[in-house]
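# Structural overview
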Amino acid sequence: MDVRYMGQLQVLIADDSKFMRTAYKRVLESQSNLQIVAMATNGEEAVQKAKQTASDMAILDVRMPILDGIQAAHEIRIQRPETAIVVISASDDLALVAGLMRNGVERKSYLLKQSIYDVLGLVRIIEAMYEGPPYWTRESSREWPACSASTPTISTPAPMTQ
């Protein structure tokens, strides 16, 4: 049975850090509308698993061995144009954003790791990105003003302080 008919998004997570893969998985699998269908340790493996699992969404780290997240995103979209792409990075390099958005911006997002403060913020970002146009967090919009001119932003909650 296809879980998408039950309202679940099938998600692929690719990151060369086992810690980050596990963290994203734990956060996302706690949501009833998200199902983690594959995990990958590099971009090449992500492309293969996206094709095998027919993932609705691929969450990719930008810096991975063999094939980076930007290249993997392009390969995934060649094979499965309907797959939404979320690239997560610690780098605010505009060239990386431009590379991701090459060949169209539909259902693609580039998030700064430091803009994701908590579980609900990440889930909200993923759900909004899948449902609508590409967007940037407010933090990335400050870094890349050209991005915010034509795309919506989503507020992520401020980190909790004591």
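Residues numbered from 1 in each chain as written. Predicted model: local features only at pLDDT ≥ 70, side-chain atom pairs only at ≥ 80, totals over all residues. Heavy atoms only, no water.

Another aspect to go through is unusual backbone geometry. If you check the backbone angles, A54 has positive phi at about 55 degrees while not being a glycine. On the secondary structure map, A54 appears in the loop between helix 2 (43-53) and strand 3 (57-61). On the basis of relative accessible area, A54 is assigned to the partly exposed category, the value being 22%. The phi dihedral of I66 is positive, around 70 degrees, even though this residue is not glycine. Given a relative accessible area of 62%, I66 falls into the exposed group. (Helix = DSSP H or I, 4+ residues; strand = E, 2+ residues; numbered from the N terminus. Buried < 20%, exposed > 50% of the residue type's maximum accessible area, 1.4 Å probe, protein only.)

Moving on, we get to the confidence of the model for the chain. Looking at the chain, pLDDT values average 75 and 70% of them are 70 or higher. Highest mean pLDDT in the chain belongs to helix 2 (96); lowest belongs to strand 7 (residues 153-154) (38). Across residues 1-5, confidence stays below pLDDT 50; counting only partners more than four residues off in sequence or on other chains, it has 9 contacts. Across residues 137-162, where pLDDT falls below 50, the model places 54 contacts with residues more than four positions away in sequence or in other chains. (pLDDT = per-residue confidence, 0-100. Contact = heavy atoms within 4.5 Å.)

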